[in-house]
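Here is what each chain is made of, one letter per residue.
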Amino acid sequence: MRDVLVAVFIAFGAFYSLVSSIGLIRMPDLYNKLHAATKSSTLGSGCVAVAAMIFFDGWDVRARALFVIVFIFLTAPISGLVISKCGHLLKVPQWKGTIRDDLTEDNEMAGPLGKSQ
Amino acid sequence: MLGWNILIAVVWMALTGTFDVPNALLGLGLGFMILLFTGAGGATKVPSYHRRFFKSVLLLIYFICEVVKSNFIVAWEVLTPGCGIVPGIVAVPLDAETDFEISLLGAMITLTPGTLTVDVSPDRKYIYVHAMYLDPDNVAEFVMQIKNSFERRILEITR
């Protein structure tokens, strides 16, 4: 039973890491690539850590694995935020199908320097 | 309240003489029940310690469900041929005020279906969200969805 659970979690983790890598190549622009990079890789590595928690017996390993999960969930959104914010400040081109951009409008309304600088 | 709960756990561990993780969890659980039934140490304050604890657990479960859902959506978009996305950046007005509330909301938005936090306005009135599937006629509904799902739940816990 335990082995089956471990296998399932590792398989899911590997699958989502793969999806995240393919998404990085396939998505059309910076922001959409970040969707794949932040969400899928977080759950991917989270699943592997959960598998380690089930596989090993000691509470020390479990506590460490739990904190690995916590820190991944804390840091992935922050790096995503910083990368997308930098991309927007540097005016990285958006995909042609983008239908709305409130951030550019708000920055232009605030004057030539923008609010964020 | 949290301090009392930990104190009861420490006393429990000292009395039973076993200092390991399962016993610490048992002590914390016992302390939680004791504080719930005796109403000691300000448990009757509104919103009470126990209510906030249960709301936090509910938020955590809801969040994990949303993370799994969002990964199915991304996986579907990545693995199926063609490009069915309609992206856009939307300004969502914020009710959250403190650093903690805003950063928690931003992190949760990033990890949930089809949305990514791009920026917070310097006056902290708006959070800019990049959405993968945006319906151009129904942006207001999208904004309300974010405000009603995560922001409301976070504010119920922190206030």
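Model, not experiment: these values are computed from the prediction.

For the interface of chain A and chain B, give the residues involved together with the corresponding values.
Between chain A and chain B, the contact holds 37 residues from the first and 42 residues from the second. A buried area of about 3400 Å², summed over both sides, lies between chain A and chain B, and 71% of it is on carbon and sulfur atoms. If you look at where chain A meets chain B, you find 1 salt bridge. Here Lys-85 of chain A ties to Asp-119 of chain B by a salt bridge, and the two come within 3.2 Å at their closest N and O atoms. In this assembly, chain A and chain B are joined by 9 residue pairs in polar contact (both at pLDDT 80 or more).

An account of the nonpolar core is requested, with residue identities and associated values reported.
In this structure, Phe-63, Val-129 and Phe-142 of chain B are the most contacted members of the largest nonpolar core, which totals 39 residues. Of all the secondary-structure elements, those providing two or more residues to this core are α1 (2-26), α2 (30-55) and α3 (59-89) of chain A together with α3 (49-79), β1 (88-93), α4 (99-111), β3 (126-131) and α5 (139-158) of chain B. Of the residues forming this core, the biggest block, 8 residues, is contributed by α5 of chain B. For Phe-63 of chain B, the contacting residues outside a window of four places in its chain are Phe-73 of chain A together with Met-108, Leu-111, Thr-112 and Phe-150 of chain B. One finds Leu-103 of chain A together with Ile-89, Val-118 and Tyr-128 of chain B within the second-largest nonpolar core, a separate group that totals 6 residues.

Which residues make up the layout of surface pockets, and what are the values?
Volume-wise, the largest pocket comes out at about 1300 Å³. Counting only elements with at least two residues in the lining of the largest pocket, the list comes to α1, α2 and α3 of chain A together with α3, α4 and α5 of chain B. The leading source of residues in the lining of the largest pocket is α3 of chain B, at 12 residues. Counted by class, the lining of the largest pocket contains 30 nonpolar, 3 polar and 1 charged residues. As for the second largest pocket, its lining consists of 21 residues, and the residues nearest its centre are Pro-113, Thr-115, Phe-142, Gln-145 and Ile-146 of chain B. At 6 residues, the largest contribution of residues to the lining of the second largest pocket is made by α5 of chain B. The residue inventory of the lining of the second largest pocket, partitioned by class, reads 11 nonpolar, 6 polar and 4 charged.

Can you explain the confidence of the model for chain A? Please cite residues and give values.
In regions of low pLDDT, the predicted coordinates are not meant to be interpreted in detail. Confidence along chain A averages 83 in pLDDT terms, with 91% of residues attaining 70 or more. Per-element confidence in chain A is highest for α1 of chain A, whose mean pLDDT is 90, and lowest for helix α4 (residues 102-109) of chain A, whose mean pLDDT is 69.

So what's going on with the pattern of salt bridges? Residues and values would help.
Under the definition given, this model contains 10 salt bridges over all chains. Here Arg-64 of chain A and Asp-60 of chain A are joined by a salt bridge, their closest N and O atoms 3.7 Å apart. Here Asp-60 of chain A and Arg-64 of chain A lie together in helix α3, a separation of 4 residues that amounts to about one turn. Overall, Arg-64 of chain A belongs to the exposed group, its relative accessible area being 57%. Residue classification places Asp-60 of chain A among the partly exposed residues on the basis of a relative accessible area of 44%. For Glu-151 of chain B, the salt bridge goes to Lys-147 of chain B, with nearest N and O atoms at 2.7 Å. In this pair, Glu-151 of chain B and Lys-147 of chain B both sit in helix α5, 4 residues apart, roughly one turn of the helix. Accessibility classification places Glu-151 of chain B together with Lys-147 of chain B in one group, the buried group. Within the structure, one salt-bridge network assembled from shared partners comprises Arg-2, Asp-57 and Arg-62 of chain A.

Definitions and cut-offs
- Residues numbered from 1 in each chain as written.
- Chains lettered and ligands numbered in written order.
- Predicted model: local features only at pLDDT ≥ 70, side-chain atom pairs only at ≥ 80, totals over all residues.
- Heavy atoms only, no water.
- Contact = heavy atoms within 4.5 Å.
- Buried area = accessible area lost by both parts, 1.4 Å probe.
- Salt bridge = Lys/Arg side-chain N within 4 Å of Asp/Glu carboxyl O.
- Polar contact = N/O pair within 3.5 Å; in protein donor to acceptor, adjacent residues only side chain to side chain.
- Core = buried A, V, L, I, M, F, W, Y, C linked by side-chain atoms within 4.5 Å.
- Buried < 20%, exposed > 50% of the residue type's maximum accessible area, 1.4 Å probe, protein only.
- Helix = DSSP H or I, 4+ residues; strand = E, 2+ residues; numbered from the N terminus.
- 1 Å grid on protein atoms, 1.4 Å probe; cavity = no way out; pocket = protein on both sides within 12 Å on 5 of 7 lines; lining within 4 Å.
- Points joined across faces, edges and corners; volume = space filled by probe spheres on them.
- Nonpolar A, V, L, I, M, F, W, Y, C, P; charged D, E, K, R; others polar.
- pLDDT = per-residue confidence, 0-100.

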